[in-house]
Structures are given as structure tokens and as C-alpha cells.
Protein chains: 4
Amino acid sequence: MIIVMKNGASQEELAEVEKKIIALGYQPHVIHGETRNVVGAVGDERGKEKLQIIESMQGVERVVPILKPYKLASREVQPEPSEIEIVPGLGIGGKEFVVVAGPCSVESQKQICETAEAVKQSGARLLRGGAFKPRTSPYSFQGMEEDGLKLLAEARKLTGLPIVTEVVNPRDVELVAKYADIMQVGARNTQNFALLKMLGQLDKPILLKRGMAVTIQEFLMSAEYILSEGNRRVILCERGIRTFETATRNTLDISAVPVLKQQTHLPVMIDPSHATGHSHLVPSMCYAAAAAGADGLLVEVHPCPEEASSDGPQSLRPAEFDAMMKKLRAFVEVTGRKMAG
Amino acid sequence: MIIVMKNGASQEELAEVEKKIIALGYQPHVIHGETRNVVGAVGDERGKEKLQIIESMQGVERVVPILKPYKLASREVQPEPSEIEIVPGLGIGGKEFVVVAGPCSVESQKQICETAEAVKQSGARLLRGGAFKPRTSPYSFQGMEEDGLKLLAEARKLTGLPIVTEVVNPRDVELVAKYADIMQVGARNTQNFALLKMLGQLDKPILLKRGMAVTIQEFLMSAEYILSEGNRRVILCERGIRTFETATRNTLDISAVPVLKQQTHLPVMIDPSHATGHSHLVPSMCYAAAAAGADGLLVEVHPCPEEASSDGPQSLRPAEFDAMMKKLRAFVEVTGRKMAG
Amino acid sequence: MIIVMKNGASQEELAEVEKKIIALGYQPHVIHGETRNVVGAVGDERGKEKLQIIESMQGVERVVPILKPYKLASREVQPEPSEIEIVPGLGIGGKEFVVVAGPCSVESQKQICETAEAVKQSGARLLRGGAFKPRTSPYSFQGMEEDGLKLLAEARKLTGLPIVTEVVNPRDVELVAKYADIMQVGARNTQNFALLKMLGQLDKPILLKRGMAVTIQEFLMSAEYILSEGNRRVILCERGIRTFETATRNTLDISAVPVLKQQTHLPVMIDPSHATGHSHLVPSMCYAAAAAGADGLLVEVHPCPEEASSDGPQSLRPAEFDAMMKKLRAFVEVTGRKMAG
Amino acid sequence: MIIVMKNGASQEELAEVEKKIIALGYQPHVIHGETRNVVGAVGDERGKEKLQIIESMQGVERVVPILKPYKLASREVQPEPSEIEIVPGLGIGGKEFVVVAGPCSVESQKQICETAEAVKQSGARLLRGGAFKPRTSPYSFQGMEEDGLKLLAEARKLTGLPIVTEVVNPRDVELVAKYADIMQVGARNTQNFALLKMLGQLDKPILLKRGMAVTIQEFLMSAEYILSEGNRRVILCERGIRTFETATRNTLDISAVPVLKQQTHLPVMIDPSHATGHSHLVPSMCYAAAAAGADGLLVEVHPCPEEASSDGPQSLRPAEFDAMMKKLRAFVEVTGRKMAG
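Since the structure is predicted, the reported quantities are computational estimates derived from the model, not experimental observations. (Residues numbered from 1 in each chain as written. Chains lettered and ligands numbered in written order. Predicted model: local features only at pLDDT ≥ 70, side-chain atom pairs only at ≥ 80, totals over all residues. Heavy atoms only, no water.)

Thoughts on the relation of the copies chain D and chain A
Reasoning step 1: The operation relating chain D to chain A is a screw motion whose rotation component is 180°, with 0.0 Å of axial translation and a residual RMSD of 0.0 Å. Both copies of the chain, as the preceding transformation shows, are related through a two-fold rotation axis. No C-alpha of chain D lies nearer the rotation axis than that of Ala-288 of chain D, which sits 2.1 Å from it.
Reasoning step 2: Both copies present the same face, since 100% of the interface residues in chain D are matched by interface residues at the equivalent positions in chain A. (Least-squares fit on C-alpha atoms with pLDDT ≥ 70 in both. Contact = heavy atoms within 4.5 Å.)

In C-alpha cells form, the structure reads like this:
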């Protein structure tokens, strides 16, 4: 941590800052500059927050953190990438590029089972589908809840595809965990810390989506919430951030892939469906994600988008998904990874 | 809802869209344009969502909603402003400009009681203080929980100031409601719909903060979640949105005040402390909020910011708060409202 | 400037960085930390840029600037506020709160002269009107050019109001300077450095608008371009930044007022018309601007907005402007300033 | 254009709107809705702007444009993609994926000639280098101006690589055109309409960069400025937009590639160097751009980034560039395109 003193701060103010730094358990080192002094506070500032409050002291202009505030998520603590095992033979973050596909919402047995069979056929390795839906409007379809979970389990039985499904309420964690192979935290819950803490106590992989206005550093702090409770199986997912551009639903932050790959050992997936909001934009974003070095994709697929209860306009039809997967395979091979099937 | 057909869409595609509009319970009206056709779908689209899926049909370019998607929050349903009664003799949204003040976190009996007495002295009408803290870092102070609520109740007993405090977990709603006069939903939970639904079933005023990346329309949809469950006592609070500017913690969207005042009957408050993140910027934003027509303020005050467990740099000292309140009073009078004391 | 070394950077890499710092004319001070070293480079870094390139050296994680990069615009160089004299008896940045009003574009003699008389009557001190219009579409009205300037001069003769008008092309600087009392740089030209340099050589006040995606620091750097060429009469104008919110044309960054007031001695005005884009939102933003401590306003007024060649929807009618000015006066008085008339 | 009337607008107000629509040369079609009426105005609204002013009329809630405002840039006017010929045998937008490489600024004969030879060796097809530099700070290196252009011409003679270089001042258009094979418009000048109009009169390809806060629609309107003056050789370049994320210099809007490809026939390039600001993030963004369907890349390469006069931290060294190009070739082949060499 670097404390920048104001131009004209007094000797007494500087001395107070030094005393405070020592009181907080760090070592102060003053550098006397031409127009102002700066004080370095030596000590591991991760896992602490106290130094920030020095900003409130007399004579202090600002406080500049030097270390990243996360530990367990960082490459410094674990340099090699984490491969998260989902079920025996299926890992995310390793040699395989993993595609998760399925509808936004589970709507019926026919819908989920047909979709599951179709996406498996095309090479998807997991099935996604929402049973608890966080919708902007209280008047929109809110999901089938436990009935939806049961249908997902049926589709899994039929196809062998493990299930990714979202949990939105800490109260439902136990229920969803009975059915899910991966618990998903949606973009509106990236900083729902009560939920994250409970998921940190599960023995189950967590797919953590980035919130629309969450910086990469804050995203990793949310992962840290789960990791610090003991659950080390966290998969990150970039799904578009909110910007001024309205041609797309959100703006896919594709450079988050190499930034995250440098800063964390956790796997990184991309959700091009929510990022773009329009199905015709999805395939090219799938290819870009693979080329950028992502570990996999979450893609919305619906047998009949014009009948979907939610997110129809961004869902691929099974035939469109199949065509995309064929072309995707070639890009994945260039990256030195493989795809199933 | 207006459906814009693609340039070159076929007669069959247009006929399918018309059929679908009828099937969804609306009346189609086609306008034949020079380069493309548009179809108006007549019928009250609020409280429905189905029409949006027409965007997935063949030949459709895009779907443009005409009505706002909220009902109970809108001025069309209730033209006159709502004054929310907190306790007998104290309403928000009426003739009085109401200031809520207090520390970010409750830290000790001495801290909260001293602050309560000081802010009351300066003219604050409610006491704020967090017992459950949603913090970006798992290593930061997470709040005193029920012990904090008890200290808030003690400060209320001492000063008579009603209490505003945050709830972050649906599990804690009942507990917090035992102590709070107003339940606060923080910016990270504006779209925590599970929480909103529970709060909609309480008989207790709710202070709903706007999320950092939540549009004004989405903000009103979140209010609609609470209203549609039966709780009509919702107070809105703008607290800064996330932009590219880094000189301030967030960017106070001051024009949200007149926009909200036009669209909704609900009261609108401003939180300049979280919006700016720096205590020296707070007073001028308090004056601007009053001048813009807000119904009140939430201001962070701490007896000793450099010892605060959270948000020290944005907290006013009691003397600074007192000076601000004196000047604020003159601005409030110009608006034709009054302040207590 | 603080150079943060990578965790694990070698002694040689550190030595190279120290050597480079010395070569660039600074003094290096190394602080040995627990997980990494940081190096302070002592010396006045303003007006230089060289140190940033140390970021490309082996073993360097990042470079953190300590000083603001502007000099002449800063409060450190000139602590007292600048009052910019426009014509004898009229200054911006002093005791008077100054309102500039007029149409977006000059359209006819009748239009500009009627508007000038009306706004003068209501208390405006300068007349605005565009003769060169930077329009998003090449098919939109592009302004009356020199004919428009002549009409502005006629309106000035009639009313005595000095003229603010925009220049968009370095080629036209001389021409516009023949007519204008204040040269305006629009939001699309805030970083048109060729234009700024030419304006820096004029003996004429410059009204510099903030660009839609320009940070406050970059804004001051643009002012520095003008100041460093010798022209010290620069007036800053915040007119809304681009964010995700679509209810307003832009988002008025009202906290830019106290931030700028702290960092620079230059006067700060607000343009609520471009910031909001809707005339019914303008009055409350005028009041907020005065309360926040701005030095004045730019307000669009048109005798008949539904016939305006540009920006009709955000223009006040003369009667609306007059009503706003009456109420504004009371807010201005609270701030301790005065308004003409 | 769709005009949405207010809930409760009178018959007279509706009639006035209809009359105005006719006066502006369109045909009105009223749809009577349950809570409000909407009026469709039939007629080609592109190349006009007048209808927007209806928003200022009594009883009107808002005006919704239906058509895109650009014509010459659109796919509707020209469905097949444009291949822009630079020199005989080299086109952008056709079968070849074209890489432009070189330093940010021209600094010396040695620097530019060595770089030109190195990037040509690796497969670059054009040389980039700035002689006129728009810098945020007036104290930063501003470019070698005509001397720089001469050095670029020398490097072209040596290697045969055509030159891309930026023009920032309308005054310099003629001068730069004497040397450049492609004239570049930088991100700060995307809406410098005076400059665009002059470039529209040249017989020379224009590389138009997207501004940091320019929407895709506005970007195409800027292209339309050039096209409508008669110059049809416009190449678009996405180079990152400004968002709240600070881990990268800007946020590469990769989905702009498929959006632009759908809306316009003009070629689309990507500049990953300015988008990310850090050289280690550049290669993965090059691969993503190719996979997303871009027509080419602009990449900053410098023989010694730690000595660069500008943008060192985002420049690849020649060996890094060479390694990137080798891997890039494999991704490009999957897209069905080819690279030179």
C-alpha cells in the first residue's frame, strides 16, 4: 500500500500516518518527493482492509493498493491452472474444450429431453436449464422450480449429460444441490455474498457468472468468497458487461479471458447467448471465445425459440447449434485442445 | 408493441406474425411502408411478456415495446405522489425533506449512540446503520449481525429516531424486521428477486437502492416486485451508477430524480456518500439533491472516520454534517419544503 | 511515480529499472516488500511522460502515477479561483452566476433576435447559437456558417448580449473569432488537439465542453493544451457523459462540479440541455447545478421547438425559460452569489 | 417512424401530429390502442431528420425511428461485401486476411525501416506508423510530422509495404495524402465531421476507427459522411470502447464484428493493441478477431518498446509478433481465408 500525502502536508500529519501504519501491523517507508511525500506500508495487505482507512487522516491525498486483494484465486498462490472435475472423465480447465448447452428455462419434459438429446448429439458435454429464474419483471415466467429440477434429472438419466442449473435463493441451495452437478450463480447474484458463502460450504462445483457491472477484480473477490469457505471447485463465466452500446444486449468482454488466465488458476468459460442477446451473433462469438483461450462455452439452445418462455431471441435452434459445433471444432483444434465426439 | 418486419420479408411471414399476435390475445394492425412493413399489436402489454418472442419469428427484424412494463409503480395508475408513513408524524414523499444519517456499520454502543445523538441534534429524522454488511472482500468486516440490531434499537430508545438498516439474506428478513423501522435493500440486491418478494409480503416500509448497473426502468421493475406482493410502502434511492469515471466511487445520476418523479409516484431519496465515495464531495451533492427535487437524503456520518470498520473515507464527521445541514435547510426552503428542527 | 515489480522479479531486473529511472532524470528509492518490491521515482513527473515506458521493462508489473499530469490548470499552481473576464463588467467564475441561453442553431434573423431579446429579459447574460453544427448525420442541417455568425452579431447589436458560438474546424478559427465573444469547443472536439492548440494562441475566452467519454483528468489535460499555448481564459463545461442509462440523452455528472472545483482554478459551467436531452428535465438540473456550486449555465431556448432545425426536444420555450430563471435566482442567492437583473 | 402519443392526449393533439406528418412529406397511419394511440409515418426517413422534432409537439410521448439512418453504408443498398483495393493485388474485405503492423509513432529511419522489414518478414501486408500524434497531454511527444511521413515513404520503398498513417487536422489532409496509401482517422476524430467531409473528397482509402464512446450506429453515420461525399473506399476499425473495466485500457467490443458484418458491406478490422493496452493480451485478441470474422488487424510492433515515444506497453516486439502471426495463420485458415506469405 502506498499512501500519497497532500502537497503541503505537515510533518505532524506525516508522523501520524507513520504511527498509524505501525499500529496496523505494517512497516512505513517514507519517500520524500519534490512536491509531496509518499509512504510505502510494507506487509502483506491481502486479507486485510484496514489500511484503506488511512485515506481519512489529515494530510492524506489518497491510498494506492499495490497487491491484488484476493489470495486463493490468484496465480501467485497456485501457479498451475485448476482443472475442475465435474464427474469422472469430465473436467473443465484441462485439455478438453467443454460446451454446456440447453434452454434458458426448463418448460416441459418434451422440451428438455429433446434438447438434451440434440445437444448431446452435436457434442455438448453438459446440459443447462433454469428451474429458478431471476426475471426483471415480476409478471414474467419465474421457472418451474422443483418440478423443473426433476425434469432435468430425467433428461440426465436419458442422455448421461450432467446438469448445470441456477440457484437464486440461499434457502434453495440444499434443494438444488440434490439435483445439480454444477450449481450456477447468475449475473444478478455475483455479489450476493450470503449465497456465495453457502455455496462455499458445498462439495459441488460452482459456475460463477460475472455481473453486468462487476470488474474483473471484484469478480475474483466473489470467487474468493466461495474458495475461502473451503469449496475450491469454482468455474468463472464471462457473459457480457453493461456498456453504452445497444446493438447487443450486453458487451462481451472477450479480453477478460486472457486477463483472467493471467491472474487466476480458475477455469474461464464464455456465455455468448446472454452477452449478445441475438442468436445470429452467437456462433461467431463461440469461435472467438475458443480462439481467445477460454475453457468452454455456455450456449442457449431451444427446439422452438418463438415458443420459449424466456430468452427465445438469443437461443439457437438445434440445427444451428449443430452447424456451429462443427465449425467450432476446427478452431478448438488450432488451440491444441480437443472436443468430445 | 410494434413489430418491424425485415426489408424483403414475405407475405407468408407477415401472415404468420399476424396469426401469432392474435393467438397471444392482441389485435394486429399492419402499416405498409416503403421499404418494410410494421405491425402494431394492440392490447395492454404490461404484465405480459409473450410478445417479445415474436422477435424469433422468420421475417422479423425487431420488436419495439410501447408501454412501460411496470404498472403499480407508474404515475398512470396513481397520478398523485405517495407519501410513505414511517411512524406517526413522519412521512417520506410529503412536505418534509427527510434526512437519514448514521454510520455505514454499527460498531459499538458508544459509536452508534453518540452518532445518533449528534445527527438528531443537527436535524436528522432517522438513524441509519448496517448490521449485515455486503462487502466486496470476504476478508472485510461483515457486520455485527443481531448484536448490531440490538445496539440500533438502543440508540432508537435513547433518541427516538426510527431505524433504517439493511437486510441481505431472505433468511434474515424476519429477524431484521423485528428491529427495523425501514428495511433497506442495498445496491447489490436491487435485482435479488427472492429477497424482494419476501419484502413485498411485509407490513414495513422498504428503502430500495438502485443497483450500479440498473437502468431506471429496471429499477422500477424491482419496485414492482415488492408492490405486486402487496407492500405499497416503497422508497427509491439513487446512490450512483457505474461509469468510466474514476474520480468518484460511482457517478451520481442526479437526473434520475426528475425522471423518476415523472414516471412514478414513489418517493425518491439520494445517497451522496456511496455515490461519490469521498466525504468532501458530499455536502455539495446534498444541496444538488434537494434542488433537483429529491424527497430526502441518506448520509453517512461517523464520529471518527479514520477508525471506521467500513466506508470511512466517505463519512462526514458530526461537525461537518452539522454545517452541511445548516446550509441544506436554506436550499430546502427554496423548494417549498421544510426540514425538521 | 511508483514502479511495482513483479513477484519474483530478479535483482538484475530491479537494477535495470533503477538505472533507467536515473537515466530519465529521477531518483529511485526501493522499498523491499514481503511479496514484491516497489520503486519510487522522485522528481516532478508533470510535463513528462517518459516514466510510463518503464512498464515495458522486464520484471515490471505496473507503473502508478502519483502526480496529476496537468500543471497550469491545477490548484497547486494557482490556488485562488480564476475569474474570466468576457467583456468589461461581465466575468465568469466570480461573484455572479452567469446564464448563457439561446437556440442550438441560428436559423433566421427573426429566430435569433427574438430569442436574444427574450432570454435577456429573463436575465441571461450571454447569447448562444450555433453557426457551424457538428451533426451525427451528414443529412442533418449543418448550420448557416458565416451567415449565421452575422445574424448573431446582429442580435448582439440589438441586445448587447455577448455571443458564445462553436468552432469545429481549425480552418474557421479566424473567421469565428471575428464574431464570437467566447469560442466554444463542443463535446466531439474536446480531444481535437489541433483545434485546441490554435485556440490556445487566441486572445479570446474559450468555453471547453467535456466529451462524452472523457474523464475529468483528460478534460483538464485538454484545458492544459489551451493554457500551455498562452491563452489563460478557459471555461470548463460539463454536459453529460455517456453511460448505460437511456432515459436521458446523456448522464449529467453533477459531482464533476466539486471534483473540478477542488482540482482546478478554472470556472465550471453546466449544460443541462445536452445532458438530459428532454426540456422537461432541464429546470431541475439548472437548480441542481447552482446548488452544487457551478459558476453558470448554458441553456437551450427556442421560440418554437417543434420547428427547430436541431435539438428541439431539449429546448425550453421562452416562457419556460423565464419561469426557470425566477426559481433559479432563489437557489443562487442561497449559494451567496448573485444573478443579473 | 412511430410516434407514441401520451396516455390522455386529446383528439386535437393527435390531429396536429397527423397534419405535421403530412406537411413533412409522410403518410400518417393511426393505430388506436387501449391506453394510448400510436401513429406510423410512412415514407423513407433515411437522409431526413425532420420527423424527430415531432417529439416537441403537445401530446407526444416519444418518437421511435424504424429505419437505420444510414444509406450508402448499409447492406440494404449494397448486399454484397465491399472489397477495398489498396494497391493492385492487395484488397481489404476479400479473400485475404490482411495484417497491418508497425510502431505507434515514427521515431527514426532505423526504427521504422527495421520494423518494416521485420513485420513484412512475418507476413504483414501494410506498414503503420504515426507522424501526427493526437496525445492526451500537450507535454507528450506530438509526432515527427512531415519528416515522419518521409521516413514512412522510405520504408515503403525499401520493403514495398503500402503505408497507413493518421491525419488529425483538415489542414494536413493534402500533405498526408501525398505520402499515405491509406489515410487513418483515429478514435478521437471519428466524429470530426469537418475532417470526414474532406476525406470524402479524396481518391484514397480511409481507415476509420471507432471512437471510444461511439455506438455502432453512430460509427456507420461517420462512415456515411465519407461515402456521401463520393469516396466509397472506407474501412472500419474497432479498437475498444470505454467502459467501467480498468484491467484493460479499453474494452474490445468483439461482437461489433458480426453486428457490423450484418449491417454494412464495408470491411471491418480490429486493433487489439489500443483495445487492450497491454502487449501480453494482444495475441489472443488477434486470434479472436480472426475467428469472429474480421477482415484484418492493426497491430503495434516496436523493436524496443521500453524506448518507444508512445504506447510502448502495448507494442509487441518483432519476435513476439512473428510468433503470433504463425499461430494466427492456422485460425485464419479455419475461417476459409488466406494470409500472405
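From this point, the discussion proceeds with the structure in view.
Considering the domain arrangement of chain A
Reasoning step 1: If you check the domain split of chain A, you get domain 1 (2-64) and domain 2 (84-334).
Reasoning step 2: The centre of domain 1 of chain A, based on its C-alpha atoms, is set 44 Å off from the matching centre of domain 2 of chain A. (Domains from an automatic or database assignment.)

Things to note about the sheet that holds strand β2 (residues 27-32) of chain C
Residue and element names in this part refer to chain C.
Reasoning step 1: Here we have 4 strands laid out as an open sheet, ordered β2-β3-β1-β4, and antiparallel in their pairing. Only two strands of the sheet have a single neighbouring strand rather than two, namely β2 and β4 (60-64). On average, adjacent strands in this sheet sit at an angle of 20° to one another, irrespective of strand direction.
Reasoning step 2: The strands touched by helix α1 (residues 11-23) within the sheet are β1 (2-5), β2, β3 (37-42) and β4, with β2 carrying the most contacts at an inclination of about 150°. (Pairing = 2+ DSSP bridges. Helix = DSSP H or I, 4+ residues; strand = E, 2+ residues; numbered from the N terminus. Axes fitted to C-alpha atoms, helices over the stretch in contact; angles between N-to-C directions.)

Some words on the relation of the copies chain B and chain A
What relates the two chain copies is a rotation about an axis together with a slide along it.
Reasoning step 1: For the pair chain B and chain A, the superposition axis carries a translation of 0.0 Å, the fit reaches an RMSD of 0.0 Å, and the rotation angle comes to 180°.
Reasoning step 2: When the interface residues of chain B are mapped onto chain A, 100% of them again lie at the interface, so the same face is used by both copies.

Quick look at helix α9 (residues 282-292) of chain A
Residue and element names in this part refer to chain A.
Reasoning step 1: Buried residues dominate α9, accounting for 11 of its 11 residues.
Reasoning step 2: Every buried residue belonging to α9 is among Val-282, Pro-283, Ser-284, Met-285, Cys-286, Tyr-287, Ala-288, Ala-289, Ala-290, Ala-291 and Ala-292, and all of these are buried.
Reasoning step 3: Directly after α9, the chain includes Gly-293, whose backbone phi takes a positive value near 105°. (Buried < 20%, exposed > 50% of the residue type's maximum accessible area, 1.4 Å probe, protein only.)

Some words on the pairing of strand β12 (residues 234-238) of chain B
Two faces make up the sheet, and in a regular strand the side chains alternate between them.
Residue and element names in this part refer to chain B.
Reasoning step 1: Buried residues dominate β12, accounting for 5 of its 5 residues.
Reasoning step 2: Of the two faces of β12, the one carrying Val-234, Leu-236 and Glu-238 and the one carrying Ile-235 and Cys-237 are both buried.
Reasoning step 3: Here strand β11 (residues 206-209) runs beside β12; their pairing, made up of 4 bridges, is parallel. The residue bridging Lys-209 from the neighbouring strand is Cys-237, located in β12.
Reasoning step 4: In the classification by handedness, the crossover that spans β11, the intervening helix α6 (residues 216-228) and the parallel β12 is right-handed.
Reasoning step 5: In this fold, β12 hands off to helix α7 (residues 256-263), which returns the chain to strand β13 (residues 268-270); that crossover is right-handed. (Right-handed = clockwise from strand over helix to strand, strands pointing away.)

A short note on the environment of Arg-62 of chain D
Reasoning step 1: Residue position: Arg-62 of chain D is located in strand β4 (residues 60-64).
Reasoning step 2: Looking at Arg-62 of chain D, the relative accessible area reads 26%, which means it is partly exposed.
Reasoning step 3: Considered as a pair, Arg-62 of chain D and Val-30 of chain D are 32 residues apart in the sequence and their alpha carbons are 15 Å apart.
Reasoning step 4: Residues in contact with Arg-62 of chain D, not counting those within four places in the same chain, are Pro-65 and Ile-66 of chain B together with Ile-2, Ile-3, Val-4 and Glu-55 of chain D.
Reasoning step 5: Looking at Arg-62 of chain D, its side chain comes within polar contact range of the main-chain oxygen of Ile-66 of chain B, at 3.2 Å. (Polar contact = N/O pair within 3.5 Å; in protein donor to acceptor, adjacent residues only side chain to side chain.)

What to know about helix α7 (residues 256-263) of chain D
Reasoning step 1: Of all 8 residues in α7 of chain D, 6 are buried; the element is thus mostly enclosed.
Reasoning step 2: Among the residues of α7 of chain D, Ala-256, Val-257, Pro-258, Val-259, Leu-260 and Gln-263 of chain D are the ones counted as buried.
Reasoning step 3: Looking at the buried positions of α7 of chain D, the neighbouring elements they touch are α9 of chain A together with α6 (216-228), β12 (234-238), β13 (268-270) and α9 (282-292) of chain D.

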